[in-house]
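Observations on the model geometry
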Amino acid sequence: MSGTLRDTSDRRSPHLKPVMIHVMGYEDLLAAPQGLRPIEGVLVIGRREEGRRDGGMWLDDKRVSSRHVEVEKKAAGVFITDLGSSNGTIVNGKPINGLTRLTDGDLIEVGRTLLCYRELPEGEVPANGWSWGGGRTFNAELGQLGNQLDRMAKSAEPVLLLGETGAGKEIAARRVHELSGRTGPMVSIDCGAMPETLFESTLFGHEKGAFTGATEPRVGDIARAHKGTLFLDEVGNLPLATQAKLLRVLETRSVRPVGGREPVEIDVRWVAATNASLSDEQSFRSDLRFRLAGFVARLPPLRRRREDLGLLIGALLKEAGVKKASLTRSAASRLLTHPLPGNVRQLRQVLRAAAFLATDGELTIDLDSLDEMEDLGSQAPAEDENTPLPVTPVKNLADSIPAARMSAPERSVLEAALTAAQGRVSAAARALNTSPRQLYRWLEREGLDPDAFRKLR
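Report follows, based on the coordinates. (Residues numbered from 1 in each chain as written. Predicted model: local features only at pLDDT ≥ 70, side-chain atom pairs only at ≥ 80, totals over all residues. Heavy atoms only, no water.)

**Focus: the nonpolar core**
Formed by 34 residues in total, the largest nonpolar core has its most connected members in M24, I313 and L347. Breaking this core down by element, the ones donating at least two residues are β1 (16-25), β11 (113-121), α7 (309-319), β23 (324-327), α8 (329-337) and α9 (343-356). With five residues, α7 is the single largest residue contributor to this core. (Core = buried A, V, L, I, M, F, W, Y, C linked by side-chain atoms within 4.5 Å. Buried < 20%, exposed > 50% of the residue type's maximum accessible area, 1.4 Å probe, protein only. Helix = DSSP H or I, 4+ residues; strand = E, 2+ residues; numbered from the N terminus.)

This is the structure:
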């Protein structure tokens, strides 16, 4: 495997705290990871043995040597050295030889165990990670975002969640609701799955006889969320006419059913989510965007938090009823380098498909069982597929990349494509005459993050 979770410069900030994260063991995917271990001097990593009590990281892995590697924090950075192990040490898919400097996000394989090196902001580093979605996360960015959402939950401020399909926006919305202390229900509306003709009746309700087919009065979802939380998922799909009426509801704190004469006062906590840009005035009103964006939270995609793969895989396999599971080395390589455009939702589908093929609850995930992931990876995230670009593509950009060329184009060409596409990977891939999957590989190699090219939502 190649590439890291995040590109860094050679200058390491003295305010960053280096940690080693035990992600997972390939031989037992249901075993709980050890978690985060701060690197304060020298950290020795090796095989767990009876009576061993010193402060190293000791692994239940028969392919790991007794003292396998040494990780040392020095003034110039953090370095890893193989201690003459039997099976060697692999960093980002390449065997190391001698003293090797680590950078944030490096993936390290010892035996059949995956580790991840991270540089975290100064502060407390919880050994078991941070609370997230009824479970845990080892990703500091997501953990800190969760802490911010916890504090915001107790306020009345609206929350706007940004993130790719499957990144956990509904989990974040439910977290806000559960900690808000509000006594009403959380009502979720999928704006991306509703016919345009039903928006107003669904949101605002209607009176009997308000239109053809309205044989009974209906309480709208906004009114049903009174004293609770209204979650508008994929809010960017709201028709403009409905946006104007929704803005009025936010301003007056009252809702009038279709066909009704008197408005009904409401007390609702607003949480909205989108995987698409809300910056195009022709498709989304800026005044509504400003009202919904009291606190803006951007959820990192799974490819930027691969240290959570062990936690997620274990939880998803248990959810599918798998009793024992392992991962082949070739499958691990594909999993750790795949762009995972569908994020946790995609990972769940792949693992569930493999679980159905398992016998007696025992699963060995091999290369073939991940073919479905490769097929899914050829599709762009939903934000790229369904949202029209509010920009003019760069002319003749594809001319600089011959169709038959498989090596990465110049960094400046990649940056130009991402800038023109406002960070939308599938649109940039079309401009470069390549697939989104290949473009993700090029971006990983160059350390380019598509999110950095997106305008503020």
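Picking up after the structure, the text goes on.
**Some words on the sheet that holds strand β4 (residues 57-59)**
Taken together, the five strands give an open sheet; going across it, the order is β4-β3-β5-β6-β9, and neighbouring strands pair in mixed fashion. Single-partner strands in this sheet number two, and they are β4 and β9 (100-101). Here strand β5 (residues 69-74) pairs with strand β6 (residues 77-82) via six bridges, running antiparallel. Bridging across to β6, K73 finds its partner in V78. (Pairing = 2+ DSSP bridges.)

**Observations regarding unusual backbone geometry**
Not every positive phi belongs to a glycine, and K227 is a case in point at roughly 70°. Looking at the element boundaries, K227 is found in the loop between α4 (221-224) and β18 (229-233). Taking relative accessible area as the criterion, K227 reaches 39% and is therefore assigned partly exposed. Its identity is not glycine, yet L340 carries a phi of approximately 50°, on the positive side. Mapped onto the elements, L340 comes out in the loop between α8 and α9.

**Things to note about the sheet that holds strand β7 (residues 89-91)**
Reading across the sheet, the six strands line up as β2-β1-β11-β10-β7-β8 and stay open at both edges, with antiparallel pairing between neighbours. Pairing within the sheet leaves two strands with one partner each, and these edge strands are β2 (35-38) and β8 (94-95). Pairing of strand β10 (residues 107-110) with β11, which is carried by four bridges, proceeds in the antiparallel orientation. Note that in β11 the partner of I108 across the bridge is L115.

**Overview of the environment of E164**
Turning to its location among the elements, E164 is positioned in the loop between β14 (159-162) and α2 (169-180). Through-space distance from the C-alpha of E164 to that of N343 is 7.7 Å; in sequence the pair is 179 residues apart.

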